Amino acid sequence: MESFSYVGIEVSSEKLLVEIKDEKQVYFPRSYKNVKRGHTALLRYLTSIGGEVRVVMEATGVYSLDLAIYLSQHPDIEVMVLNPLRSHHFAQVLLNRSKNDKVDAVMLLKFAERMPFKVFIPPAEELYALKAMARKI
C-alpha cells in the first residue's frame with residue numbers, strides 16, 4: 001500500500017487555507033495568499049514534507065486554476081480539482097452542519113483520504129493562454 005500525505009485546500013480569491021495530514025500526524029492549518037508568491041511558498045512547504053502528496057481543492061474558477069496547474073507540475077504532487085457539488089454531498093454524508101473555511105479544508109482533506117482520486121490534467125498550454133487573454137478582455 002502506498003503512503004501519501006493528504007492535503008485539503010480551501011481556495012478563495014485572497015487566500016488559501018491548507019490542512020495537511022500524513023499517517024503519523026495532523027499538521028496545523030496554514031494560510032497563504034492566493035498569489036504567485038503564496039503558491040511558491042505552499043509548494044516549498046509541501047515538498048519539505050517528503051514523499052508523495054495528494055492535494056484536493058474545489059473548482060473555484062479562476063481562483064483555483066492557476067494553483068492547480070502550478071502544483072500539478074511537480075512530480076511528487078498529485079492534484080484533484082473537485083466539483084463543488086460533489087464536495088457538498090460528501091460534507092452532508094459526514095454530517096457537517098457548520099460551514100466555514102477551516103471546516104471546508106478539513107472536509108477536502110478527508111475526501112482525499114477516503115475517496116477515489118482522479119488526477120487533474122492541466123489544459124493544453126494554448127487553451128490556458130487563450131483563457132488568460134479572455135480574462136484580461
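Residues numbered from 1 in each chain as written. Predicted model: local features only at pLDDT ≥ 70, side-chain atom pairs only at ≥ 80, totals over all residues. Heavy atoms only, no water.

## Quick notes on the environment of isoleucine 49
Relative to the elements of secondary structure, isoleucine 49 occurs in helix α1 (residues 36–49). With 74 residues separating them along the chain, isoleucine 49 and proline 123 place their C-alpha atoms 28 Å apart. (Helix = DSSP H or I, 4+ residues; strand = E, 2+ residues; numbered from the N terminus.)

## Details of the packing of aromatic side chains
Aromatic ring pairs: the centre-centre distance and the angle between the two ring planes describe each pair. Under the criterion given, the structure shown has two aromatic pairs. Between phenylalanine 4 and tyrosine 6, the aromatic rings sit 6.2 Å apart at their centres with planes inclined by 50 degrees, giving tilted as the arrangement. We classify phenylalanine 4 as buried; its relative accessible area is 8%. Judged by centre distance (5.0 Å) and plane angle (80 degrees), the rings of phenylalanine 90 and phenylalanine 111 are edge-to-face. With phenylalanine 90 in helix α3 (residues 84–93) and phenylalanine 111 in helix α4 (residues 101–114), the pair connects residues that are 21 residues apart, well separated along the chain. Each member of the pair, phenylalanine 90 as well as phenylalanine 111, carries the same accessibility label: buried. The ring of tyrosine 45 carries the charged tip of arginine 30 above its face, separated from the ring centre by 3.7 Å. (Phe/Tyr/Trp six-rings, centres within 6.5 Å; stacked < 30°, edge-to-face > 60°. Buried < 20%, exposed > 50% of the residue type's maximum accessible area, 1.4 Å probe, protein only. Lys NZ or Arg CZ within 6 Å of the ring centre and 35° of its normal.)

## Some thoughts on the side chain of serine 64
Of note, serine 64 is situated in helix α2 (residues 62–72). A polar side-chain atom of serine 64 sits 3.0 Å from the main-chain amide nitrogen of threonine 60. (Polar contact = N/O pair within 3.5 Å; in protein donor to acceptor, adjacent residues only side chain to side chain.)

## Some remarks on α1
Residues spaced three or four apart along an α-helix face the same direction, because each turn holds 3.6 residues. Taking 1.5 Å per residue, 14 residues should reach 20 Å; α1 reaches 20 Å between its end C-alpha atoms and fits that length. Among the residues making up α1, those that are buried are Gly38, His39, Leu42, Leu43, Tyr45 and Leu46. Projected down its long axis, α1 carries its buried residues within an arc of 165 degrees, all on one side. For α1, exposure combined with an orientation more than 90 degrees from the buried face picks out Lys36, Arg37, Arg44 and Ser48. In this structure, the buried side of α1 is in contact with β1 (4–11), β2 (15–21), β3 (30–33), β4 (52–58), α2 and β5 (77–82). Remark: glycine 50 follows α1 within two positions and exhibits a positive phi of approximately 90 degrees. (Expected span 1.5 Å × (residues − 1). Arc of directions from axis to C-beta. Contact = heavy atoms within 4.5 Å.)

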